[in-house]
Every structure is written in C-alpha cells, then in structure tokens.
Amino acid sequence: MTVSVLRSGRAMAAWALLGFAAYAVLPWYFLQQHSLLAALAGVWGEDTTASGLVQAARHGRPWLWVGLAGLLLASSGLLLPAGRGQGRLLVGGASLGLIGLLASGFAIGAPGWSFESLEALFGPLEHGQFGMGWGGFVVLASLVALLGSGIARLGYFRSDVFVASSVVGCVALLALFVVYPVLRSLVTGLYDDMGEFSPAALWQRLGTERIWGLGCVGGAIRCGVAWNTLYLALLTAAGTTFMGTLMALWAERGGTRLARPLNALAMLPIITPPFVVGLGLILLFGRAGLYNQFMEWAFGVPPSRWFYGVFGVWLAQMFAFTPIAFMIMRGVVQGVSPSLEEAAQTLRANRVRTFLTVTLPLLKPGLANAFLVGFIESMADFGNPIILGGQYAVLSTEIFFAIVGASLDPGMAAALALILTVFALAVFFLQRALLGKTSFTTVTGKGDAGMAMPLPRSVRWMCLGVAGPWLLFTVTVYLFAFAGGFVRTWGRDYTLTLDHFRGAFDLQWGEHGLVWAGTAWNSLFTTASLAAMAAPVCAFLGLLIAWLLARTEFRGKSAFEFAALLTFAIPGTVLGVSYIMAFNVPPVELTGTGLIIVLCFVFRNLPVGVRAGTAAFKQLDRSLDEASLMLRASTLTTLRRVVLPLLKPALTAALIYSFVRSMTTVSAVIFLVSAKYELSTTYIIGRVGNGDYGVALAYCTVLIVFMSLITALVQRLVGERKLGRRARAA
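Residues numbered from 1 in each chain as written. Predicted model: local features only at pLDDT ≥ 70, side-chain atom pairs only at ≥ 80, totals over all residues. Heavy atoms only, no water.

### What about the overall build of the chain?
As a reminder of what qualifies: Strands are runs of DSSP state E lasting at least two residues, helices are runs of H or I lasting at least four, and both sets are numbered from the N terminus onward. We take the radius of gyration over the C-alpha atoms and set the globule estimate at 2.2 Å times the residue count to the 0.38 power. What makes two residues a contact is simply this: any of their non-hydrogen atoms within 4.5 Å. Per-residue accessibility takes into account occlusion by the displayed protein chains alone, with areas from the Shrake-Rupley method and a 1.4 Å probe. Think of it this way: Lys and Arg go in the positive column, Asp and Glu in the negative one, and His and the chain ends go nowhere. Throughout, a charge is located at the NZ atom of Lys, the CZ atom of Arg, the CG atom of Asp or the CD atom of Glu.
Per the secondary structure count, the chain includes 32 helices and six strands. Taken against the 2.2 N^0.38 rule, which gives 27 Å for 730 residues, the C-alpha radius of gyration of the chain at 28 Å falls within 12% of a compact globule. Each principal axis of the C-alpha atoms in the chain carries an extent, and together these give about 85 × 70 × 65 Å. Within the chain, residue pairs in contact and separated by at least 24 positions form 73% of the contacts whose partners lie at least 6 positions apart. For the chain, the accessible surface area stands at approximately 33000 Å², while carbon and sulfur atoms represent 66% of it. Averaged over its 50 positive side-chain charges, the chain has a centre that lies 16 Å from the centre of its 32 negative ones.

This is how it looks when you write it as structure tokens:
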C-alpha cells in the first residue's frame, strides 16, 4: 500500500470521527442568544442546545437520524481496501446524509413544515427546528469531505483525494453562499406584484424604453440604463487595465528608485472609503469646486455642473479600480522570464521589438483578467454613480432605488440584476475565447537567473508621461479630501483644529485604566476584527479555486469558474439583500450576526483572489508540480512548499484587497449591519447624514493610516517571490 493511500485513509478516518463527535457533543441548532460555551453546557439537556444525537433520540426530531445513518454507511467503507468498492460506500453514505439533512433543513422550519403541501401530505409536526449550528455545520463538512474522498476512490481526479475533496468542498461553499442566495434573489423577478408566479412579469419589467431605449433629446444621444452601464463598464475596464499596466511596468521595469513610493501611491485609492474619492473630486470639479472658481475668476466662465455625468463617474471609477489592475499586472510582470527576452535580443531584436513580440504577449493573461475584473467592478459599483452620476443613470443605481426607494420593487431589482449577470457572463466567455488554450508559461523548474530587460525608451516615457501625472493627480485629490478633517468647517471656517479627531478617537485615563472615550472606537474595532477574520479565508479559498481551475480538468469547470466570479457580477446591494432573503430562515439562519458579515466579506471579495491566482498559475509550468509529486510528496505538500512560494504576489494581492475592501465596503453590508455590529463605513455615512463632515473625513484619515500599516505588515510577512534573478546594476 502506497504512502499516499495511507495518508488519505487516515484523513478520511479523521473526518468520520469528527462527524460522529459533532453529532454527540456539539449543539445542533444555532441560537443567537446562546454563546458556544453556554450551548456546550446543555448539549445533553433542553432541545434548544442539545446535540444532534439527543435531538433525534429525546426531542422528537427523527429526521436527524438520516445524517447519522449516512455517516455510519460511509464509515463502513473505510473497513474495505482502497478501491471502487470503498468509493461506492463513501459516495452512497455521504450522499444519503447530505440529501437527508439538507432536504429536512429546507422542508422544516421553526413552526413546522415550510410548505403547505408537505403538511397536507404528512400532517402537522409536533416540533419544528431552527437554523443549523456548530454541530450541523461540522457534520455537513465531514460528509462533504467523505463524498470527495469517495469520488476519488472511484477513479476520478486521478484518484487524488485532496483534489477531489477540494473541488467538492469549494462547489459546496459556492453553491451555498453564492449561487443559492443570488438565485433566490433573481427568482423574485419571475413573480408579479401580487406574489404570483408569472414569467411574463420579467419581460414586462425588462422590455421598457428606460432600460433599452436609444434616442436623441435636445441634440444629445440618450441611451437606456443598460447601454449606459455597458458603455461605462467598457470605458472603465479599458482605462484601468491600461493605467494599471503602465504603473506595473514602471514599478517593475522602470529602473527607478521610486518603486516603493510608486507602489504606495498606486495603492492609495484602494485603502480609502469610496465616498472620499467622490468628495475630493467634488471639491475640485464640483459647481463650487476650485476648478470652476478659477475658470470664473480667470475667464469669466460661470460655474456649472459639467462634471456630473458619465465623465465624473468614469474618473471616480478609474481612481477606485486602477489599483486592482495594478496588483494583478504587477505579479504578471514579475513572472515574465528574462531568458525569453534575452533570446529575442540575441537574435538581434531591439528592445521595442522584443517588448512588442515577447513581453507584451506574455502579459495577455493578466491583461484579460484585469479587464474582466474592471468591467465587473464598474457594473457592480453604485457609490460613485449615485454621487457623481447626475442624470446619467446606470443599472446599479436603478437597482438601489428599486430596493430602498419609495416604490420598493424587489422584482424590478431582481430583473435588473439579471441583466448585469448576463453582461458579466458574456465578457467572461469572450475572455476565455480570446485566450483559448494558449500557453503563457514563463516560470519553470529550469534555472533562470537572467536580468529583466529594461523598458524601451518610448515605453518608459509613456509610463512617465501618463502614469506619472495620474499619480500626482491622485495625491492632489486626496490632499483636498483629507484637508476637511483638519479644518473647523469646510467652506466657512478654515481654522486648523484637531477637534474632529478628538471627538471620534479620544483616549482618557480613568480610575480603571485606559478608556476608549471616542465615539468611533467601537465601529473601528468591530470592522477590523471582522475584516481580519475574512481576509485569510478569502485569500486561501481564492487561491485554492485558482489552483483547481489551472491544474485540474472536470466537467462543469466553466460553471464552477463563473460561480466564483458571480458576486462581482451583481451590485453589492443586491448581494446584501440576497443574504437577508436566503439566511433569515432555516436551515441557515444568520441574519443579525457577525458571521453573516464575515461571509459577505469573503465571497464578495473572492473573485480578485481567483483572478490574480489564475493569472499567476498560467505562468507556472506544470512540471514543477509533477516533479514534486514524482518525489512522493503529497499534493498538499506540493502546494505548500513549491506552488505557494511562487504565488506570493497573488497571495499579497488577495490578502490586502480582501482586508481593505472589507474595511471600506458599503453597498454589500448596508442591510446586514446591526446595532451590535456597526461598521466603519456605516458610522461615516451616519456622520455625513448629520452634516458632520469634519468627523467623517477625520475617520477616513485614520482608516487610511491604519490600512496602510496593515498593508505594509502583510507585504512584510508574506515577502517577495524569489525567482533567482540577478539585479541590474544602477
């Protein structure tokens, strides 16, 4: 028996034992008023805190026996030798347990049957059930792991238990926390205003002039909101990809000592709450902004609202999403092999020709991924259009007003979200068609100590002439935005003061020690703790999915990849409402808890980790993995010791992005926060609503400093990827 079979057998036995232990000693149901420790004390007692075993035996919930029977059947397969017989028992037992628990979870709620037809068929139930707790979650995880192991034993996924279990586990997570809530929200579009199922209602909502219309009003072309959204998304995706690529080339190949400051400046927009950019642009270009005042003083041009519209929204989105493209492209530029460029120059190609025929084609995976992420981010953004859009309406703002406006039409919101999903799906498959099966491998197991080719003079001057002014413009916008936190009243009294910081972040020394007296401390601590929990999970899951997409072949792979990107294809507002609709009732009851916010953070930010990892994996030769496996290393060991060190840029991007976006997100969690879990962005919005702009901008300044320190710490802990290449002499 091989070492890998022994290892996988021990892992399966551990999962089975974990499932039995969860059935016996963990509370099966989740109640918000009980902590885990308090619930553990009552696992053998009352029905609210009892374990699954006690619930089935003593509290009238016999449907829970199905999960235990599935565990027993799957565990019996472990007594057989590794092979198809063992695989059949594992798959059969795990499927029985999963189907039984999930079916009963959706069919039975707190008052009893969830559907009238079931009550009419089987009669009323004496006991209902609440949402699943720790016991139910651990048992389901054990059954999913055993199902993946059984699939591997049947010969799929090259009989690799880790790969099969990873695929099945990721599919289960995406199905539960992405596909299920989104579909539950989108299906609302198929119901009419009376709550009756009516597919015609979807066409009535979508086939309107406001959505698809094209016309000319007052000499100007007016398009429907769908065409507006598509046009803006294409502009933003092209602009962010171009600017991010220039900054990445300048940082990695510019031969300048400004690489670190350049990285810091490029990352500045991503560590800022989204409305700060809009506020800074308004202070510069708004009706009462400095630009309009100067034009009126110098040339007599009366102030106007020229900035509000497609140009203002596009400029704000360029600020917000260019750093994402920069992070993706920086890792791809680092991975381009110098040996290929040296080979071209050896054949007498000059730098320009080498750049155009060798370097640039090898950047295609990063360019395609950066364009896709920029396109989807632009479509899903509603903060910038709602502040700067003026009369330029897009789908995200229409969805927002359909949900929170006076009309309160969730069916219209679902129909509009369906259009966004179709747009994202079209760009996703277009990207796959353009890249095809072309190989972009540049990092192999062979020695590669060459020196990266400096940028051609023309490309370098383009970077300096385009990216340089853009970064200076970025600094200018933020200087104006943050100045409001240090003056008494912007626009009236410019006296310098720190009162806004004292009110929000005051520290006092009392008789019992240090007192966090400022009004903003609670929201800052809550947001930081939830973001810190979400970031490593998001980065790990994103890179794992990217590895599965790059290194495994299985049916439904395209659907699996799109499910991982689906949360970027819809506005954050729709995702938040989807989570409320899906997780407000059994079997998963999470509304009002911090866990639902963490899950929203994880799966909202997951696509960036997936796309960054996908671009990086396209540069890594499969021979690296194969060499490690031939030396009898397990798949997990190969990932940890060979692959992961080569993915440090992608890991850094995923960690930083998920943490920072969790700290600054608004739309996705605006409906999920509660009095117990107030977040930084909701606190700032509250101050802005009260007209207290000074405190709001002071809080934004503190957030930026805090997230800058966290970003530097993550980069220091993860480190740089070591490719054994020489540095060019200054």
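### Quick look at the environment of Val25
Rule in force here: Each residue is placed in one exposure class: buried if its accessible area under a 1.4 Å probe, protein chains only, is under 20% of its type's maximum, exposed if it is over 50%, and partly exposed if it falls in between.
By the element assignment, Val25 lies in helix α1 (residues 3-25). Its relative accessible area of 42% is what places Val25 among the partly exposed residues. Residues Val25 and Leu40, 15 residues apart in the sequence, show an inter-C-alpha distance of 7.4 Å. Setting aside chain neighbours within four positions, we find Val25 in contact with Leu40, Val43 and Ser51.

### Points about the pairing of strand β6 (residues 513-516)
Note the following rule: Paired strands, as defined in this entry, are two strands with at least two bridges between them according to DSSP.
With four bridges connecting them, strand β5 (residues 507-510) and β6 associate as antiparallel partners. Along β6, the bridge assignment pairs Gly510 with Gly513.

### Some details on a nonpolar patch on the surface
Counted only if it meets this: Candidates for patches are residues over 30% relative accessible area with no salt bridge; among them, like charges are joined within 9 Å and nonpolar side chains (Val, Leu, Ile, Met, Phe, Trp, Tyr) within 5 Å. When a carboxyl oxygen of Asp or Glu lies within 4 Å of a side-chain nitrogen of Lys or Arg, that pair is called a salt bridge.
Together, Leu507, Trp509, Leu514, Trp516 and Phe525 make up an exposed nonpolar region whose accessible area comes to about 590 Å². Of all the secondary structure elements, the ones that give two or more residues to the nonpolar patch are β5 and β6. Structurally, the position occupied by Trp516 is in strand β6. You can call Trp516 partly exposed: its relative accessible area is 44%.

### Regarding the packing of helix α16 (residues 338-346) against helix α17 (residues 351-362)
Note the threshold: Each axis is a line fitted through C-alpha atoms, taken for helices only over the stretch in contact, and angles between the N-to-C directions span 0 to 180 degrees. Two helices crossing with the near one rotated counterclockwise from the far one by less than a right angle form a left-handed crossing, whereas a clockwise rotation gives a right-handed crossing. Amino acids are sorted into nonpolar (Ala, Val, Leu, Ile, Met, Phe, Trp, Tyr, Cys and Pro), charged (Asp, Glu, Lys and Arg) and polar (every other residue, Gly among them).
Between α16 and α17, the least distance of the axes is 10 Å, while the angle of their chain directions is 145°. Note on packing geometry: the crossing formed by α16 with α17 is right-handed. The segment α16 lies against α17, with Leu340, Glu341, Ala344 and Gln345 engaging Arg351, Thr354, Val358, Thr359 and Leu362. For the contact of α16 with α17, the per-class residue count stands at four nonpolar, three polar and two charged.

### Examining the pattern of salt bridges
With the rule as written, the count across this model stands at seven salt bridges. The salt bridge partner of Glu398 is Arg210, with a shortest N-O separation of 2.7 Å. One end of the pair, Glu398, is in helix α20 (residues 395-404); the other, Arg210, is in helix α10 (residues 209-212), with 188 residues separating them in the sequence. Arg253 serves as the salt-bridge partner of Glu341, at 3.1 Å between the closest nitrogen and oxygen. A residue pair is termed long-range when its members are at least 10 positions apart, and Glu341 in helix α16 and Arg253 in helix α11 (residues 225-253) qualify at 88 residues. Since its relative accessible area comes to 7%, Arg253 is described here as buried. Here the residues in one salt-bridge network are Arg488, Asp499 and Arg502, joined through shared partners.

### Some details on the packing of aromatic side chains
Going by this rule: Note on aromatic contacts: the rings of Phe and Tyr and the six-membered ring of Trp form a pair at centre separations within 6.5 Å, being stacked when their planes are under 30 degrees apart, edge-to-face when over 60 apart, and tilted otherwise.
With the rule as written, the count across this model stands at 36 aromatic pairs. Judged by centre distance (6.4 Å) and plane angle (75°), the ring pair of Phe307 and Tyr308 falls under edge-to-face. There is no split in this pair, since Phe307 and Tyr308 are both buried. Here the aromatic rings of Trp521 and Phe525 are separated by 5.5 Å at their centres, their planes lie at 25°, and the arrangement is stacked. Of the two residues, Trp521 and Phe525 are both situated in helix α24 (residues 521-551); the distance of four residues between them amounts to about one turn of the helix. Here Phe525 falls in the partly exposed class, since its relative accessible area comes to 40%. Ring pairs connect the aromatic residues Phe285, Tyr291, Trp306, Phe307, Tyr308, Phe311, Trp314, Phe319, Trp470 and Phe473, which therefore count as one cluster.

### Notes on the nonpolar core
The criterion, for reference: Side-chain atoms within 4.5 Å link the members of a nonpolar core, which is a set of buried Ala, Val, Leu, Ile, Met, Phe, Trp, Tyr and Cys residues.
Ranked by internal contacts, the top residues of the largest apolar core, which has 179 residues, are Leu174, Leu281, Ile545, Tyr579, Ile597 and Phe603. Residue contributions to this core peak at 18 residues, all from α24. Ignoring any residue separated from it by four or fewer positions in sequence, one finds Leu174 in contact with Val179, Ile545, Phe560, Ala563, Ala564, Phe603 and Leu606. Counting 31 residues, the second largest nonpolar core, distinct from the first, contains Leu90, Leu101, Ile108 and Val139.

### Things to note about the packing of helix α28 (residues 622-630) against helix α29 (residues 635-643)
Note the cut-off: Angle categories: roughly parallel below 35 degrees, roughly antiparallel above 145, roughly perpendicular from 65 to 115, and oblique for all the rest.
In contact at an axis separation of 10 Å, α28 and α29 are set at 125° when each is read in the N-to-C sense. On the basis of the axis angle, α28 is oblique to α29. Once α28 is placed against α29, the crossing between them reads as right-handed. Every residue of α29 that contacts α28 at Leu624, Asp625, Ser628 and Leu629 is listed here: Thr635, Thr638, Val642 and Val643.

### Section: unusual backbone geometry
Following Pro586, the chain continues to Pro587 via a peptide bond in cis, the omega torsion being 10°. Here Pro587 is to be found in the loop between α26 (572-582) and α27 (594-617). Although it is not a glycine, Phe157 adopts a positive phi angle of roughly 55°. Position of Phe157 among the secondary structure elements: in the loop between α7 (134-153) and α8 (161-186).

### Some details on the side chain of Asn228
Here is the rule we go by: Each polar contact in these results corresponds to two N or O atoms within 3.5 Å; when the atoms are within protein, one needs to be able to donate a hydrogen and the other to accept it, and residues that are neighboring in sequence are counted only if both atoms are side-chain atoms.
One can find Asn228 in helix α11. Owing to a relative accessible area of 9%, Asn228 belongs among the buried residues under this scheme. Polar contacts involving the side chain of Asn228 include one to the main-chain carbonyl oxygen of Cys223, which spans 3.5 Å. Filtering out sequence-adjacent residues up to four positions away, Asn228 remains in contact with Cys223, Tyr392, Ala393 and Val394.

### What about the side chain of Glu398?
Separated by 2.7 Å, the side chains of Glu398 and Arg210 make a polar contact. Leaving out residues up to four positions away in the same chain, Glu398 has contacts with Arg210, Val225, Ala393 and Leu416.

### A look at the state of the cysteines
Note the following rule: Whenever a pair of cysteine sulfur atoms sits within 2.5 Å, that pair is classed as a disulfide.
A complete count under the given rule lists zero disulfides for this structure. In this structure Cys600 is not part of a disulfide, and its nearest cysteine sulfur, from Cys538, lies 11 Å away. Taking relative accessible area as the criterion, Cys600 reaches 1% and is therefore assigned buried.

### Describing α16
Short version of the rule: Throughout, the arc means that of the directions going from the helix axis to the C-beta atoms.
Of the residues making up α16, those classed as buried are Pro338, Glu341 and Ala344. Along the axis of α16, the buried residues cluster in a sector spanning 125°; they form a single face. Where α16 is buried, its residues meet α11 and α17. Looking one or two places after α16, you find Arg348, whose phi comes out positive at around 70°.

### Topic: the environment of Arg622
For Arg622, the position within the fold is in helix α28. Considered as a pair, Arg622 and Ala504 are 118 residues apart in the sequence and their alpha carbons are 53 Å apart. Among all residues touching Arg622, those that are not within four sequence positions of it are Ala550, Arg551 and Glu553.

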